Structures are given as C-alpha cells and as structure tokens.
Amino acid sequence: MNFDLTEEHKAVQEAARDFANRELLHDAIERDTFSKFPEKQVKMMGELGFMGMMVSPEYGGGGMDTISYVLALEEVAKIDASAAVIMSVNNSLVLWGLEKYGSEEQKQQYVVPLATGEKLGCFCLSEPEAGSDATSQHTKAIENGEHYLLNGTKNWITNGGSADVALVVAQTHEEKGHRGINTFIVEKGWKGFTVGKKEDKMGIRSSDTHALMFSDVQVPRENRLGDEGFGFKFAMGTLDGGRIGIAAQALGIASGAYERALAYAKERKTFGTSIANHQAIQFKLADMRTRIEAARQLIYKAAWEKDQNRPYTESAAMAKVYASEVAMWATTQAVQIHGGYGYVKEYHVERMMRDAKITEIYEGTSEIQRLVIARELLK
C-alpha cells in the first residue's frame, strides 16, 4: 500500500495551490461580503483545465483521475469554498454523467464547451418538496411528439444564475414511480426557462444559488439522457461522485482553517510566549490535524475506488459525512484559537466556519449519508 502522491499528482496540487493563492485570495472577503460571483476566476479555472479534469481529452478535458481532482479541489477550497463548489458541480454533477451516459452528439454539443470552461453547468434535482427524497419529483416532463414539455420548479441550484446548461431531473410517467423519472439537458435561454431570485446565504456567498422555473419548456427528445426511465439511476450515480467532491471541499475548508490557526498560534503571544506553547492550544491543533488527516484518507480511498471502477457508494458517503463534520468542527476550533480576531472578517476563519456548514447539508445531509452507509451495510 503506497500513500505517496505521484509526481503528476504533486504537479496538479501545486498548480491548484498557486492559482488559488494568486487569483482567489486577494478578493475572497469582498466577494463573500457582496455575494459576487467569481466570473473571471471561473474562466481561468477553465483555461487551466480545472473545470473538466476527469473528462477525456477527446472531449476537451484533462483526462485526469479522481485523486487529481480531489487534490485540486482541496487547494481551491482552502482559499475559497465558493469557487470550489462551482468547480465541483461542473466536474462531478454535470460532466461526469454527461460523458458516461450521453450520446456522441450530446458529448460533442455539451461536454466539450463545459469541459473547457467555455460554458458552465448546473444540476437540478432538489425541489421545494424533493430534496433528500429524490423520488418525489413534482417537476413533470410530458411527451409531446418530438419534444417533452417541461414544467416545474427546482430549488437551491448551485450555478443556477450563471449556468449555460442545466441537467434537469423530472417525472415523465408518475405511475411508474422512480422508474418513470428522466434527466434532460436544458439550455439557458429556451422559452419558458426562468431564473428565480438569488438566495442570500450564510456561507459560500460568492457562488450563486437560485430557484429555476420551467413553464412549458420544449425539450427535444434527443436531449433526454439515457433510455426512457433512466433518470433516477442517473441521479443516484451522479450523487455518489458528487459526494467525493463535496468531501474534498470540506477537507479544503478544514485544512485551510487549520493552517491559518497554526500560523496564528505561532505569532500570537500571551503571558510572554506564543500561544502555540500553551498546552490547551497544542491539544486543539493536534486534534485538528488528526481529524483532518483521517478525513483525507477516507476521501482518497473513495476516489481510488472510483478510479479502480469498484463500488464506491459506501466509501463516498463515509467520506462526505465525516469530512463535512470535521470541517464544521475544525473551523470552530480555528475561530476559538484566533479569539476575538477570529470573529472578524479580516482573518478569514469566520468565513470558513460559515462556509463549512453547507457541506453537512448539500448532496444529502449527514443523516442521509448515514442512511446510505447503513443501507450498504445491510444489503
């Protein structure tokens, strides 16, 4: 068993770290304060290959493994979790399924511009009454000749206002239950496709989150992904990979907060010595480091299993639930180590604490992840 990163992995990690520190750090607080989407930086991520990392070069991607993706995502999330979730959604929730299950025509038309960063994607599953219960889709897509008529509302859609392409999960044959669900590729600008208000969020504020409304949107039959009734399986498979991405985002938030807390503890002096010399602070730092490393190994294992084409539903859920809880705990410790300075924006850790909370909620709450793990155990 080899725990060393390859030279290629180290190069990806270093490139992502350099980009994040050079392009994301300087205005991260401003973008958080004013909920400003990092449009310029997202375009740069596309140019650097970070928006389609695992896509085959044949379709404009980097052809990298999931480990590379996790490494890059962690480095981006250390500095700005908002940029990380934009990157994660495009890679995990949009491009993975499009490349794996899309037709050749769909790949040429949609995967190529999404992988290169020319366009941005979003994944539309959650509804006002269908979040964790993905089978309860009220959005309908009724067959109408060579089209489907799409009607409904999707909530909490990351990249919703900025995306050019949306993957929309909808019920076509209600009497068939989850076997009557389909996923459709829908383009921004189509008649009847409306972007709702931008949510004013506690954290990840510079990523845009919107409700999306569909009113008699005509979706060509060729824009259905996979066979009739494949939509639910598509969504569940996509969420497995998405959980690895969110786990890596949580890991980045936690490790970024830890690094800032460690640096501050060495600089800050009380009672004539650095607070890093106080046992109470040392215990906090030691526990942070230990839990973060445990989360990292869970994530790497899930990513490795995915790359080996092994089942990874359980490992992805374990990584996501643990890493997200570590992120929330570690950022709270970082604020505590900073004391009063941790409560102001200048030191970044209060933003990281706010950003961490969402990792326990999206892609399925921690409670849902435990149900997924238990289901796998009890098979």
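All of these numbers come straight from a predicted model, not from anything done at the bench.

Digging into unusual backbone geometry
Here comes step 1: For S35, which is not a glycine, the phi torsion comes out positive at approximately 50 degrees.
Here comes step 2: Topologically, S35 is positioned in the loop between α2 (28-34) and α3 (39-47).
Here comes step 3: In this structure S35 comes out as buried when scored by relative accessible area, which is 15%.

Here we look at the packing of helix α7 (residues 231-267) against helix α9 (residues 313-338)
Here comes step 1: One can describe the packing of α7 onto α9 by two numbers: an axis separation of 8 Å at closest approach and a directional angle of 25 degrees. If you check the angle between α7 and α9, you find them roughly parallel. Considering how the two elements wind past one another, α7 and α9 form a crossing that is left-handed.

Looking at the layout of surface pockets
Here comes step 1: Of the volumes computed, that of the largest pocket is approximately 1100 Å³.
Here comes step 2: The set of elements that each furnish at least two residues to the lining of the largest pocket consists of α5 (81-101), β3 (147-158), α7, α10 (349-359) and α11 (366-377).
Here comes step 3: No other element matches the 8 residues that α7 contributes to the lining of the largest pocket.
Here comes step 4: When grouped by side-chain class, the residues that make up the lining of the largest pocket number 20 nonpolar, 14 polar and 9 charged.

Observations regarding the nonpolar core
Here comes step 1: Counting 95 residues, the largest nonpolar core has M87, L98, F123 and I337 as the members making the most contacts within it.
Here comes step 2: With 17 residues, the single largest contributor to this core is α7.
Here comes step 3: When residues no more than four places from it in sequence are discounted, the contact partners of M87 are M45, F50, M51, M53, Y69, A72, L73 and V76.
Here comes step 4: Core analysis: the next-biggest nonpolar cluster, separate from the first, contains 17 residues, Y148, F193, L212 and V217 among them.

As for the pairing of strand β7 (residues 209-220)
Here comes step 1: Here β3 runs beside β7; their pairing, made up of 9 bridges, is antiparallel. Each bridged residue has a counterpart across the sheet, and for I157 the counterpart in β7 is H210.
Here comes step 2: Bridge count between strand β6 (residues 193-198) and β7: 4 bridges; the pairing is antiparallel. Note that in β7 the partner of K198 across the bridge is H210.

Procedures and definitions
- Residues numbered from 1 in each chain as written.
- Predicted model: local features only at pLDDT ≥ 70, side-chain atom pairs only at ≥ 80, totals over all residues.
- Heavy atoms only, no water.
- Helix = DSSP H or I, 4+ residues; strand = E, 2+ residues; numbered from the N terminus.
- Buried < 20%, exposed > 50% of the residue type's maximum accessible area, 1.4 Å probe, protein only.
- Axes fitted to C-alpha atoms, helices over the stretch in contact; angles between N-to-C directions.
- Parallel < 35°, antiparallel > 145°, perpendicular 65-115°, else oblique.
- Left-handed = near helix turned anticlockwise from the far one by under 90°.
- 1 Å grid on protein atoms, 1.4 Å probe; cavity = no way out; pocket = protein on both sides within 12 Å on 5 of 7 lines; lining within 4 Å.
- Points joined across faces, edges and corners; volume = space filled by probe spheres on them.
- Nonpolar A, V, L, I, M, F, W, Y, C, P; charged D, E, K, R; others polar.
- Core = buried A, V, L, I, M, F, W, Y, C linked by side-chain atoms within 4.5 Å.
- Contact = heavy atoms within 4.5 Å.
- Pairing = 2+ DSSP bridges.

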